[in-house]
Amino acid sequence: MKNNLFKILLLAGGVLLNSSCNEEEFLKEVPLDFYSPENSFINAGNFEAALTDLYSRVRAIQSVDGGANLYSEVLGTDIAFNARLDQSRLGSYTVSLTPQGDIPRQHWIRWYKIIGNANTIIARAATSNVTEAQKKQFAAEAKLFRAFAYHKLVHLYGGVPLILEEVNTPRTNFTRASKDDVLKQIIADATEAAANLPNVDAVKDGKLSKAVANHLLAETYIAVKDYDKAIAAATEVIDKSNLRLMTDRFGSLRTQPGDVFYDLFRVGNQNRKAGNMESIWVIQYELDVIGGVLTSSGSPMNNLERVVAPAVFSISDPSGRAALLDNASASTLNSGGRGVSFVRPSDYWTYEIWGLDPKKDNRKLPATLTDIRTSPFNIVRDFVYTNPASPNFVGKSLIDFPAPNWIAASWRWYPYPSKVTTPGQHPAGVVQDAAKLTLKTTAGPTFRDMYMIRLPETILLRAEAQLLKGNATAAAADINLVRNRAKATPVTAAEVTLDYILDERARELIFEEDRRVTLSRMGKLVERVKKYNPLNAPNIQPFHALFPIPFSEIEANKDGKLEQNPGY
């Protein structure tokens, strides 16, 4: 099926008449009983609804589906690989990244749909009857969505078509703009958004704000090598937005064992209303609310727990009995919920960035490793048998008493970050037995709101800009803001490199940042996949630094030329 660059809804009819009536008046459509742009953008509520749709679309793209087929933001990068070791789900670049493949097609279609809808909001706001202040804010919010979409597209595909006006007739003559022109447009849109959107402490949780715009400006100014402006934009976020790193226990499990980094990822703790002062943009997943996606009985959306956590429910103990009570994953820190092992953190993330040896038993971390981000609360490095029907092994370690089917298939268990799940906080609808803390097979979603941008990322962007400007001392000072909160050993200026900053981003932001976009922006994707990802190292090629332009878009664009990226 051919897909045009923007597949928009066209309500059209063709009539051939031989009439003396005024042709122009006859052809003028006046919608009476259906929605169209002409009758859908009348009042402020109409614009709010259209903007809500953009939030929903971003959430759908960032959400992890049950099969992880499109979870290429981390899969196949330096931090994660296909745990099942097959060619699907980006197990192989040569299989998954083709012009006919679903991964490049879905990213292209979905981000361009956001751009198309944002353009309609921008165009209609200018001619609407809402107040001048509302016109500015609605347009600024839509332009920030457009900038964010182009930020994704330009780092995934390179230069792409720049569409800045509402498209209301079919077009088949798109051409690619240069990467520089796309980056300039991102800066223009984000600059307007920063000037017209409220501060982060003045918007509802989950809404775009001045801080989001300045964060995107900082990242884009780095891409165009304007480091002074990048530092200035990041500083607006870090020092002038009423944001700060959380340093004390807080939120729903603050009285239980854990630490502040663990608290950041517990249910209900992501937003400012919960006292979280480092949240910049949080994707909202209201439970059992129409439009909130997640339900107490499960959901195909936001399945980070399902795809990342190991499939411990499938382990048998050395005697052949089920390792877990009732052969279902317990909702405790031990087992990580109802995982199925599609996306496994690499040894680079699990061991190397912490200074650990993957060939050694790392359950007991060295006393010198004080970084709370690798504490047992935040990286689960041991599995304990829990089935009382197996008295010889209950309470004992899988590492000490290996299961034969774990040895045969290492995807059944591996260390994982606890941030992907919500131990002990699953809704009742997916709990099989509350007393035994077992889960139904319908469990799998991560039942909390998800960070899109968190303050440590902005701090590390400023560190990157400082380093590239030549000020390693200032870069180290920024990195140490993040490391000090984590109780990690401070880094010296002599140790700071771009690779060190990527390591620190991995320690702090795994399964939060779009790692592929970060590596692509920094020109590091292929290099680091070859170095740290043993599954994808043999099949990634230099041209895989960018996605291919989907063949369906090239084919449908019959009156223009969409150049394919080299190598495809």
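This section reports on the structure supplied with the text. (Residues numbered from 1 in each chain as written. Predicted model: local features only at pLDDT ≥ 70, side-chain atom pairs only at ≥ 80, totals over all residues. Heavy atoms only, no water.)

## Some points on the overall build of the protein chain
Check the secondary structure of the protein chain and you find 19 helices and eight strands. On C-alpha atoms alone, the protein chain measures out to a radius of gyration of 25 Å, which is about the 24 Å that the 2.2 N^0.38 rule sets for 568 residues. Along the first, second and third principal axes, the C-alpha atoms of the protein chain reach 95 × 55 × 50 Å. Buried positions account for 58% of the 568 residues belonging to the protein chain. Summarising the internal contacts of the protein chain: among those between residues at least 6 apart in sequence, 72% fall at separations of at least 24. Total accessible area on the protein chain stands at roughly 23400 Å², and carbon and sulfur atoms take up 53% of it. Placing the 65 positive and 62 negative side-chain charges of the protein chain at their respective mean positions leaves the two points 4 Å apart. (Helix = DSSP H or I, 4+ residues; strand = E, 2+ residues; numbered from the N terminus. Rg over C-alpha atoms; globule rule 2.2 N^0.38 Å. Buried < 20%, exposed > 50% of the residue type's maximum accessible area, 1.4 Å probe, protein only. Contact = heavy atoms within 4.5 Å. Areas by Shrake-Rupley, 256 points an atom, 1.4 Å probe, with all protein chains shown as cover. Lys, Arg positive; Asp, Glu negative; His and termini not counted. Charge placed at Lys NZ, Arg CZ, Asp CG, Glu CD.)

## Here's the deal with the pairing of strand S2 (residues 279-283)
A large share of S2 lies buried, amounting to five of its five residues. Where S2 meets strand S8 (residues 450-454), four bridges bridge the pair, whose relative direction is antiparallel. By the bridge assignment for S8, Val 282 is matched with Tyr 451. (Pairing = 2+ DSSP bridges.)

## Some details on the packing of aromatic side chains
Each aromatic ring pair is described using two quantities: the centre-to-centre distance and the angle formed by the ring planes. The full count for this structure, using the stated rule, is 20 aromatic pairs. Centroid distance Phe 41 to Phe 47: 5.2 Å. Interplanar angle 55 degrees. Geometry classified as tilted. Residue classification places Phe 41 among the buried positions, given a relative accessible area of 15%. On the basis of relative accessible area, Phe 47 is assigned to the buried category, the value being 0%. Between Phe 543 and Tyr 568, the ring centres sit 4.9 Å apart and the planes meet at 85 degrees, which makes this aromatic pair edge-to-face. (Phe/Tyr/Trp six-rings, centres within 6.5 Å; stacked < 30°, edge-to-face > 60°.)

## Here's the deal with the nonpolar core
In terms of nonpolar packing, the biggest core is built from 150 residues, with Leu 144, Tyr 150, Trp 281, Val 343 and Phe 511 touching the most fellow members. If near-sequence neighbours (up to four positions away) are discounted, Trp 281 is found in contact with Tyr 55, Val 58, Phe 145, Phe 148, Gly 206, Leu 208, Val 212, Met 450, Tyr 451, Met 452 and Ile 453. Met 246, Leu 264, Tyr 451 and Ala 486 belong to the second-largest nonpolar core, a separate cluster that totals twelve residues. (Core = buried A, V, L, I, M, F, W, Y, C linked by side-chain atoms within 4.5 Å.)

## Some words on unusual backbone geometry
With phi around 55 degrees, Leu 90 is a residue other than glycine that occupies positive phi space. Mapped onto the elements of the fold, Leu 90 is located in the loop between strand S1 (80-82) and helix H4 (93-96). The exposure class assigned to Leu 90 is buried, which follows from its relative accessible area of 1%.

## Let's talk about helix H7 (residues 179-196)
Helix length check: H7, at 18 residues, gives a terminal C-alpha distance of 26 Å against a target of 26 Å (1.5 Å per residue), a fit within 8%. Along H7, the residues that are buried comprise Val 182, Leu 183, Gln 185, Ile 186, Ile 187, Asp 189, Ala 190, Ala 193 and Ala 194. As for H7, its buried residues are in contact with helix H6 (132-157) and helix H8 (210-223). (Expected span 1.5 Å × (residues − 1).)

## Thoughts on the pattern of salt bridges
This structure, assessed with the given rule, holds 42 salt bridges. With a closest N to O distance of 2.8 Å, Arg 146 and Asp 189 form a salt bridge. On the criterion of sequence distance, the pair formed by Arg 146 in helix H6 and Asp 189 in helix H7 is long-range, its members being 43 residues apart. Notably, a salt bridge pairs Arg 507 with Glu 504, separated by 2.9 Å at the nearest N-O pair. Residue Arg 507 and its partner Glu 504 are both found in helix H16 (residues 498-509); the two are separated by three residues, about one turn of the helix. Connected through shared salt-bridge partners, Glu 278, Asp 371, Arg 373, Lys 419, Arg 454, Arg 483, Arg 485, Glu 504, Arg 507, Glu 508 and Glu 512 make up one network. (Salt bridge = Lys/Arg side-chain N within 4 Å of Asp/Glu carboxyl O.)

## Describing the environment of Ala 223
Looking at the secondary structure, you find Ala 223 in helix H8. Judged by relative accessible area, Ala 223 falls into the partly exposed class, the value being 22%. When sequence neighbours within four positions are dropped, the list of residues in contact with Ala 223 reads His 155, Leu 183 and Arg 521.

## With respect to the packing of helix H14 (residues 455-469) against helix H15 (residues 472-485)
At a minimum axis separation of 7 Å, H14 and H15 run at an interaxial angle of 160 degrees. Taken as axis vectors, H14 and H15 run roughly antiparallel relative to one another. Both H14 and H15 take part in a crossing whose hand is left-handed. Two secondary-structure elements touch here, H14 through Pro 456, Ile 459, Leu 460, Arg 462, Ala 463, Gln 466 and Leu 467 and H15 through Ala 472, Ala 474, Ala 475, Asp 478, Ile 479, Leu 481, Val 482 and Arg 485. Here the residues of the contact of H14 with H15 sort into eleven nonpolar, one polar and three charged. (Axes fitted to C-alpha atoms, helices over the stretch in contact; angles between N-to-C directions. Parallel < 35°, antiparallel > 145°, perpendicular 65-115°, else oblique. Left-handed = near helix turned anticlockwise from the far one by under 90°. Nonpolar A, V, L, I, M, F, W, Y, C, P; charged D, E, K, R; others polar.)

## Section: the side chain of Asp 514
Relative to the helices and strands, Asp 514 is located in the loop between H16 and helix H17 (515-521). In this structure Asp 514 comes out as buried when scored by relative accessible area, which is 12%. Not counting residues within four places of it along the chain, the set of residues in contact with Asp 514 comprises Glu 73 and Lys 152.

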